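Chains, contacts and geometry: an overview
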Amino acid sequence: MKLEKFMRSVYLGDRACKSIVMDGRNRELKIQIDCISRVRSEKWENYTAEDLVDGFLVFEDVESVTFTPPGCIPNDWIEWASIYEDFMQSGMNKFVINAGSVDKQGDEKEIQLCILARTAALEDSKGSRIRN
């Protein structure tokens, strides 16, 4: 399955970002989400058979990550903004994710994560990777 089609099968509606793990040595970025669902038809339709509770979006062979605006930590809602396959001639892909950041006073800001990575996968809470 092509990467963009695979990533478009990931449903994040009404879900929240729990943590972000940056592994510099292995060039990976993992975003933990309270529940990741899959879209197996034209739209989600409450399909839950493949749900990954406390699952991860995993970006592999990461070249760069930017948070806009800087300084805020995503800790609330999360959604896909866009996916650009073969963004650069080097074979890197650009993944753009929007997320909410809520501070101690309850004020919310929208954060945009821009990730340049070779590929992406899902990971369940036990560490098994899913690529299709």
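Throughout what follows, the structure given in this document is the object of discussion.

Rules of the game
- The numbering scheme is per chain: residues are counted from 1 as the chain's sequence reads.
- Restriction of local features to residues with pLDDT of at least 70 applies here, the model being predicted, together with a cutoff of 80 or more for giving and counting side-chain atom pairs; totals for whole chains, interfaces and linings are based on all residues.
- Think of the side-chain values as coming from all heavy atoms in the structure, minus any hydrogens and water.
- Note on pairing: two strands pair once DSSP finds at least 2 bridges between them.
- The secondary structure listing takes helices from DSSP runs of H or I that are at least 4 residues long and strands from runs of E that are at least 2 residues long, numbered from the N terminus.
- In this description, a nonpolar core means a group of buried Ala, Val, Leu, Ile, Met, Phe, Trp, Tyr and Cys residues linked to one another through side-chain atoms lying within 4.5 Å.
- Burial classes: relative accessible area under 20% of the type maximum marks a residue as buried, over 50% as exposed, and values in between as partly exposed (1.4 Å probe, protein chains only).
- Residue contacts are defined here by distance: any two heavy atoms, one from each residue, within 4.5 Å place the two residues in contact.

Here strand β2 (residues 17–23) pairs with strand β3 (residues 28–38) via six bridges, running antiparallel. The residue of β3 that forms the bridge with Ile20 is Ile31. Where β2 hands over to β3, the hairpin turn is made up of four residues, of which Arg27 adopts a positive phi near 55 degrees.

To continue, consider the nonpolar core. If you look at the biggest cluster of nonpolar residues, it comprises 27 residues, and the most contacted ones within it are Ile31, Leu57, Phe59, Trp80 and Phe95. Put simply, the parts of the chain that give this core at least two residues each are α1 (3–8), β3, β4 (52–68), β5 (78–84), β6 (93–102) and β7 (108–123). Setting aside chain neighbours within four positions, we find Ile31 in contact with Cys17, Ser19, Ile20, Gly55, Phe56, Leu57, Phe59, Ile78, Ile97, Leu113 and Ile115.

The next point concerns the environment of Asp76. Here Asp76 is to be found in the loop between β4 and β5. Judged by its relative accessible area of 27%, Asp76 falls in the partly exposed class. In this structure the C-alpha to C-alpha distance between Asp76 and Phe56, which are 20 residues apart in sequence, comes to 15 Å. When neighbours within four sequence positions are excluded, Asp76 is seen to be in contact with Arg15, Ala16, Cys17, Gly100, Val102 and Glu108.

Nothing here speaks to function; it is geometry throughout.
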